[in-house]
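Fold and geometry: a report
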Amino acid sequence: MQGPLLLPASCAKCPPNASCVNNTHCTCDHGYTSGSGQELFTFPLETCNDINECTPPYSVYCGFNAVCHNVEGSFYCQCVPGYRLHSGNEQFSNSNENTCQDTTSSKTTQGRKELQKIVDKFESLLTNQTLWRREGRQEISSTATTILRDVESNVLETALKAPEQKVLKIQNDSVAIETQVITDNCSEERKTFNLNVQMNSMDFRCNDVIQGDTQGPSAIAFISYSSLGNIINATFFEETDKKDQVYLNSQVVSAAIGPKRNMSLSKSVTLTFQHVKMNPSTKKVFCVYWKSTGQGSQWSRDGCFLIHVNKSHTMCNCSHLSSFAVLMALTSQEEDPVLTVITYVGLSVSLLCLLLAALTFLLCKAIQNTSTSLHLQLSLCLFLAHLLFLVGIDRTEPKVLCSIIAGALHYLYLAAFTWMLLEGVHLFLTARNLTVVNYSSINRLMKWIMFPVGYGVPAVTVAISAASWPHLYGTADRCWLHLDQGFMWSFLGPVCAIFSANLVLFILVFWILKRKLSSLSSEVSTIQNTRMLAFKATAQLFILGCTWCLGLLQVGPAAQVMAYLFTIINSLQGFFIFLVYCLLSQQVQKQYQKWFREIVKSKSESETYTLSSKMGSDSKPSEGDVFPGQVKRKY
């Protein structure tokens, strides 16, 4: 009985407002969307619903001085009163080819010019970086409040001077304004106003604009500021957990009515904001307004409520008029206790192994050469980085200390990878000079460049990053690099470059060794030693480099698995270095055996000396003892 429902739909089974594709699937016609959201479908009970192109997330842009009207399966744009198309048509759909031109009187044109002057005047204030940098936090909030109030007052005053111009729209790079004037009672078709500026919209009841005891026209203004959010940003919002990373994700908009500045409403106003950052990965959304207090102004949630949020827009209801915005918070992730245990245990083992490896490289004279020096510097950088990670990664207060810790970790990990690159360069030069044995020149070259490059290049990288983006060192949860503005690539960029360069170098080394092994037999031992070193360095490259690749893959359904792999491998890097370069080295094994025999021999000699000393002290005569043939005298 259920078989026919599983078969592909035919053209006869497609719902209204849909057409058939290849006689197997149905698709909704242009201007409609399926109830399931699928473009192609076979379910015979599917429906095709009209798309309202005039509302978010579609919000068709009709250009200046025009409004959008939705119809079944389509939409059209129409010029606002006082404007018309040059062609004489009343409706259009392409704003790029149609422009609404002003047909009003010279008085109305003068009103638009005055409105343009207001916009230009306040744009110069909003873009005056010197003004905002010179002021403190309280002064900034007070100045912003004054600007918002002055813009609203001047815009309403200008709109009311030209009441015959029902709708005025004007904008520049920083400010966009729409005003509507009501000269009569609210008719049925004008019961609700919809104002749109810069992809933000407001639905407003006409009865709240009409002020009964006021003679003459009334006006409503809707204003959007594209750059003001950089000034009165999320730092002026204090109604959330300090660990949440709050940011402003909309333009600041203002709504006002006149001539009387009535702030209370009979019914809430609906505001729709377009997100500055699309598809935000956030769990908290706040509809806020700019609240004036005795100690300056700040963002507040009083009277504002969230209605709906999607990837591109947020819709809010507010019971009063003011300046509004949308704040979002990246909530702090809960720590996995298992990962925490693995991290601390693994890093502790790694620290011990790195310390033993460094002591081996320093004290074992049989293996001391340029390659060992490179291993030693790599071990020291990783040891200091892991130690600082254990004791300082969670010290987020004070922020200055956290930023210093993040910068130090950035430097130490970059230095470790730089020394790993130098190991690759040294291996390549060694393999390249096998035909002409010239190890002394290689050693002199490496000794001359390794310390300036190994510690200088990471220092320059961190110095440039810190000078350019000092505020991105340290987050609310960790003393590490911030994810904003792609700042993490100041670390991952050099790491990926070093990983790629080393990979190319090691491929060249193996190619050279393969060619040498097929042509020479007298230097087999030298070649085999170099090949073994190359194998170890390549393994080290993948252990150290692939660890951070796993860190990049901590997204999607496999994020948890990648997090565990990243933590386990990263915390055992020191153990790997000690295993490969010390425990698996025959020379080091012999040195360990020698040291062990010397320790045992020293301990044995010490015990023999202690025993003989004790026996000697036991046989020594004490005062009052009488030996044979000796007469004890009495005094």
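Residues numbered from 1 in each chain as written. Predicted model: local features only at pLDDT ≥ 70, side-chain atom pairs only at ≥ 80, totals over all residues. Heavy atoms only, no water.

Taking an unreviewed UniProt entry as the reference, the chain is identified by name as Adhesion G protein-coupled receptor E2 belonging to Gorilla gorilla gorilla. As recorded by UniProt, the Sequence similarities (unreviewed entry) comment attached to the chain reads in full: "Belongs to the G-protein coupled receptor 2 family. Adhesion G-protein coupled receptor (ADGR) subfamily." The UniProt entry for the chain carries this comment under Subcellular location (unreviewed entry): "Cell projection, Ruffle membrane". (UniProt positions renumbered as here; feature names shortened; annotations may be inferred.)

1. Structural notes on the overall build of the chain
When its secondary structure is counted, the chain shows 14 helices and 22 strands. The 635 residues of the chain split such that 42% are buried. Of the accessible surface of the chain, which amounts to about 34,400 Å², a share of 58% is contributed by carbon and sulfur atoms. (Helix = DSSP H or I, 4+ residues; strand = E, 2+ residues; numbered from the N terminus. Buried < 20%, exposed > 50% of the residue type's maximum accessible area, 1.4 Å probe, protein only. Areas by Shrake-Rupley, 256 points an atom, 1.4 Å probe, with all protein chains shown as cover.)

2. Notes on the nonpolar core
Trp480 and Phe491 are the most contacted members of the largest nonpolar core, which has 58 residues in total. Those elements that place two or more of their residues in this core are helix H6 (337-363), helix H7 (370-392), helix H8 (399-432), helix H9 (439-468), helix H10 (489-519) and helix H13 (573-583). It is H8 that provides the largest number of residues to this core, a total of 17 residues. If you look at the next biggest cluster of nonpolar residues, it comprises 50 residues, including Trp132, Leu156, Ile177 and Trp290. (Core = buried A, V, L, I, M, F, W, Y, C linked by side-chain atoms within 4.5 Å.)

3. Details of a nonpolar patch on the surface
On the surface, Val341, Val345, Val349, Ile568, Leu572 and Phe575 cluster together into a nonpolar patch covering about 470 Å² of accessible area. At 3 residues, the largest contribution of residues to the nonpolar patch is made by H6. Tracing the backbone shows valine 341 in helix H6. (Patch = residues over 30% accessible without salt bridge, like charges linked within 9 Å, V, L, I, M, F, W, Y side chains within 5 Å. Salt bridge = Lys/Arg side-chain N within 4 Å of Asp/Glu carboxyl O.)

4. Structural notes on the pattern of salt bridges
A full pass over the atoms with the stated rule returns 5 salt bridges. A salt bridge links aspartate 302 to lysine 291; the nearest nitrogen and oxygen atoms lie 3.2 Å apart. Note that aspartate 302 is positioned in the loop between strand E19 (296-300) and strand E20 (304-309) and lysine 291 in strand E18 (residues 284-293), a separation of 11 residues in sequence. Relative accessible area serves as the criterion here: at 39%, aspartate 302 is assigned to the partly exposed category. One connected set of salt bridges, linked through shared partners, spans Glu114, Glu157 and Lys161.

5. So, the packing of H6 against H7
Interhelical geometry of H6 versus H7 gives an angle of 150° and a closest axis separation of 9 Å. The pairing of H6 with H7 is recorded here as roughly antiparallel in orientation. Crossing handedness for the pair H6 and H7: left-handed. Listed contacts from H7 to Thr343, Tyr344, Leu347, Ser348, Ser350, Leu351, Leu354, Leu355, Ala357, Ala358, Phe361 and Leu362 of H6 are Thr372, His375, Leu376, Ser379, Leu380, Leu382, Phe383, His386, Leu387, Phe389 and Leu390. Each residue belonging to the contact of H6 with H7 can be placed in one class, and the counts come to 16 nonpolar, 7 polar and no charged. (Axes fitted to C-alpha atoms, helices over the stretch in contact; angles between N-to-C directions. Parallel < 35°, antiparallel > 145°, perpendicular 65-115°, else oblique. Left-handed = near helix turned anticlockwise from the far one by under 90°. Contact = heavy atoms within 4.5 Å. Nonpolar A, V, L, I, M, F, W, Y, C, P; charged D, E, K, R; others polar.)

6. Quick word on the pairing of strand E22 (residues 323-330)
Two faces make up the sheet, and in a regular strand the side chains alternate between them. Across the 8 residues that make up E22, a large majority, 7, are buried. Sheet analysis places strand E15 (residues 245-248) next to E22, joined by 4 bridges and oriented antiparallel. Bridge pairing in E22 links leucine 248 to leucine 327. Judged from the 2 bridges that link them, strand E16 (residues 252-258) and E22 form a sheet pairing that is antiparallel. Paired with valine 253 across the strands is phenylalanine 324, a residue of E22. (Pairing = 2+ DSSP bridges.)

7. A few points about the environment of threonine 272
Tracing the sequence through the fold places threonine 272 in strand E17 (residues 264-274). Remark: the alpha-carbon pair of threonine 272 and cysteine 316, spanning 44 residues in sequence, is separated by 6.4 Å. Those residues in contact with threonine 272 that lie beyond four places of it in its chain are Pro56, Met199, Asn200, Ser201, His313, Thr314 and Met315.

8. So, the packing of H7 against H13
Viewed as axis vectors pointing N to C, H7 and H13 meet at an angle of 160°, and their least axial separation amounts to 10 Å. Judged on the interaxial angle alone, H13 and H7 are roughly antiparallel. Every pair of crossing elements has a handedness; the one defined by H7 and H13 is left-handed. For the pair formed by H7 and H13, the contact residues are His375, Leu378, Ser379, Leu382 and His386 on the first element and Gln573, Ile577 and Tyr581 on the second. Among the residues making up the contact of H7 with H13, the classes are represented as 4 nonpolar, 4 polar and no charged.

9. A short note on the state of the cysteines
Taken as a whole and assessed by the stated rule, the structure comprises 6 disulfides. Between the sulfur atoms of cysteine 402 and its disulfide mate cysteine 479 the distance is 2.4 Å. One disulfide, between cysteine 402 and cysteine 479, carries an S-S torsion of -125° and so falls in the left-handed class. Taken as a pair, cysteine 402 in helix H8 and cysteine 479 in the loop between H9 and H10 lie far apart in primary sequence, 77 residues in all. (Disulfide = S-S within 2.5 Å.)

10. Let's talk about unusual backbone geometry
A positive phi angle, close to 65°, is found at asparagine 17, a residue other than glycine. On the secondary structure map, asparagine 17 appears in the loop between helix H1 (3-6) and strand E1 (18-21). For asparagine 17, a relative accessible area of 32% puts it in the partly exposed group. Of note in the backbone geometry, asparagine 23 takes a positive phi value of approximately 60° without being a glycine. Counting through the fold element by element, asparagine 23 comes out in the loop between E1 and strand E2 (25-28).

11. Concerning the sheet that holds strand E5 (residues 66-71)
The strand order E5-E6-E8 describes an open sheet built from 3 strands, whose pairing is antiparallel. The open sheet terminates on both sides in strands that have one partner only, identified here as E5 and strand E8 (91-92).

12. Some points on H13
Judged by how many residues are buried, H13 sits mostly within the fold: 8 of 11 residues are covered. Taken together, the buried positions of H13 are occupied by Gln573, Gly574, Phe576, Ile577, Phe578, Val580, Tyr581 and Cys582.

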